[in-house]
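Okay, here's what each chain looks like letter by letter:
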Amino acid sequence: MSVRIAPSILSADLDRLAEQVAQVVEGGAEWLHVDVMDGRFVPNLTFGAPIIRALRRVCERPLDVHLMVEQPEHYIAEFAEAGASVFTLHPEATTHVQRHLASIREHGMQAGLALNPGTPLAFLEEVVDDVDLVLVMSVNPGYGGQRYLASATEKIRRVRALLDARGSAAALEVDGGITSETIRQAWEAGADTFVAGTAVFGQPHPADAVRALKKACLIRT
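Residues numbered from 1 in each chain as written. Predicted model: local features only at pLDDT ≥ 70, side-chain atom pairs only at ≥ 80, totals over all residues. Heavy atoms only, no water.

(A) Focus on the overall build of the protein chain. When you go through the protein chain residue by residue, the secondary structure sums to nine helices and eight strands. The C-alpha atoms of the protein chain give 16 Å as radius of gyration, which agrees with the globular expectation for 221 residues (17 Å, within 12%). Looking at the protein chain as a whole, 56% of its 221 residues are labelled buried. By sequence separation, contacts in the protein chain at least 24 residues apart represent 65% of the contacts at least 6 residues apart. About 9,600 Å² of surface is accessible on the protein chain, with carbon and sulfur atoms providing 48% of the total. If the 20 positive side-chain charges of the protein chain are averaged to one point and the 28 negative ones to another, these points end up 5 Å apart. (Helix = DSSP H or I, 4+ residues; strand = E, 2+ residues; numbered from the N terminus. Rg over C-alpha atoms; globule rule 2.2 N^0.38 Å. Buried < 20%, exposed > 50% of the residue type's maximum accessible area, 1.4 Å probe, protein only. Contact = heavy atoms within 4.5 Å. Areas by Shrake-Rupley, 256 points an atom, 1.4 Å probe, with all protein chains shown as cover. Lys, Arg positive; Asp, Glu negative; His and termini not counted. Charge placed at Lys NZ, Arg CZ, Asp CG, Glu CD.)

(B) Inspection of helix α9 (residues 206–218) at higher detail. Taking 1.5 Å per residue, 13 residues should reach 18 Å; α9 reaches 19 Å between its end C-alpha atoms and fits that length. Those residues of α9 that are buried are in contact with β1 (4–7), α1 (17–26), α7 (183–189), β8 (193–196) and α8 (198–201). (Expected span 1.5 Å × (residues − 1).)

(C) Region of interest: helix α4 (residues 97–106). Along α4, the residues classified as buried are Val97, His100, Leu101, Ser103 and Ile104. Buried positions in α4, seen along its axis, are confined to an arc of 160° and lie on one side of it. Every exposed residue of α4 that faces more than 90 degrees away from the buried side is listed here: Arg99 and Glu106. Following α4 by one or two positions, Gly108 has its phi on the positive side, about 85°. (Arc of directions from axis to C-beta.)

(D) Highlighting unusual backbone geometry. Positioned with a positive phi, Gln71 is a non-glycine residue whose angle comes to about 50°. Residue placement: Gln71 occurs in the loop between β3 (63–68) and α3 (76–82). Unlike most non-glycine residues, His96 shows phi in positive territory, near 55°. Tracing the chain through its elements places His96 in the loop between β4 (86–89) and α4.

(E) Representation of the packing of α1 against α9 within the structure. Look at α1 against α9: their axes get within 7 Å of each other, and the N-to-C directions meet at 35°. When the axes of α1 and α9 are compared, the crossing they make is right-handed. Residues Gln20, Gln23, Val24 and Glu26 of α1 form the contact with α9, whose own contacting residues are Pro206, Ala207, Val210 and Arg211. For the contact of α1 with α9, the per-class residue count stands at four nonpolar, two polar and two charged. (Axes fitted to C-alpha atoms, helices over the stretch in contact; angles between N-to-C directions. Left-handed = near helix turned anticlockwise from the far one by under 90°. Nonpolar A, V, L, I, M, F, W, Y, C, P; charged D, E, K, R; others polar.)

(F) Summary view of the sheet that holds β3. Strands sit in the order β1-β8-β7-β6-β5-β4-β3-β2 across an open sheet of eight strands; the sheet is parallel. Here the strands that pair on one side only, and so sit at the sheet edges, are β1 and β2 (32–37). In this sheet, adjacent strand axes meet at a mean angle of 25° when their direction is disregarded. Note that β3 and β4 share three bridges and pair parallel. Bridge pairing links His66 to Thr88 in β4. Packed on one face of the sheet, α4 meets β4 and β5 (110–115) and runs near 140° to β5. (Pairing = 2+ DSSP bridges.)

Here's what the structure looks like:
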């Protein structure tokens, strides 16, 4: 299985954004991950459409946007215009989830569904044919630098089994506490896309950090 790394700019030095983006791209990062928080759905406040536009000006890589906000459907058109490639929402944050997933696709983006540690897979089962990405949160969202929850590994396995049973080609992404020590267990459980913040941008050489994450999965043990 392939390994796709999506460094989270939540941990980047925004004064050196273009430089740091270039470093992770040089290291082989396939996507860039943007955490959008509203201070209500999660206890933190972060980026909006302007940072997506700024990233799009300096990088051609897909922009993987994760909305931890209430009523994320209000941002679909704006974020599509700004240059988002993937738009992931939480089912608890809205109603009419299937309608919004369809709208995301209609606006030219990939549709993602995020599952918090306490979110049952039943949400995904009902809309699995409408998603291009499933994001398993391996921490409770809101802050960077948290430790990987061991219980996430079994959830990843369950999501992989569901996707395979339904013949879905959706990406299976994991976000939270991903390091060179935790990534392999998530990969072996069936994940193929990994969000890493401090494990990349918190290191002296972000390009080497990206390479180390990939190597941790692919090296034979």
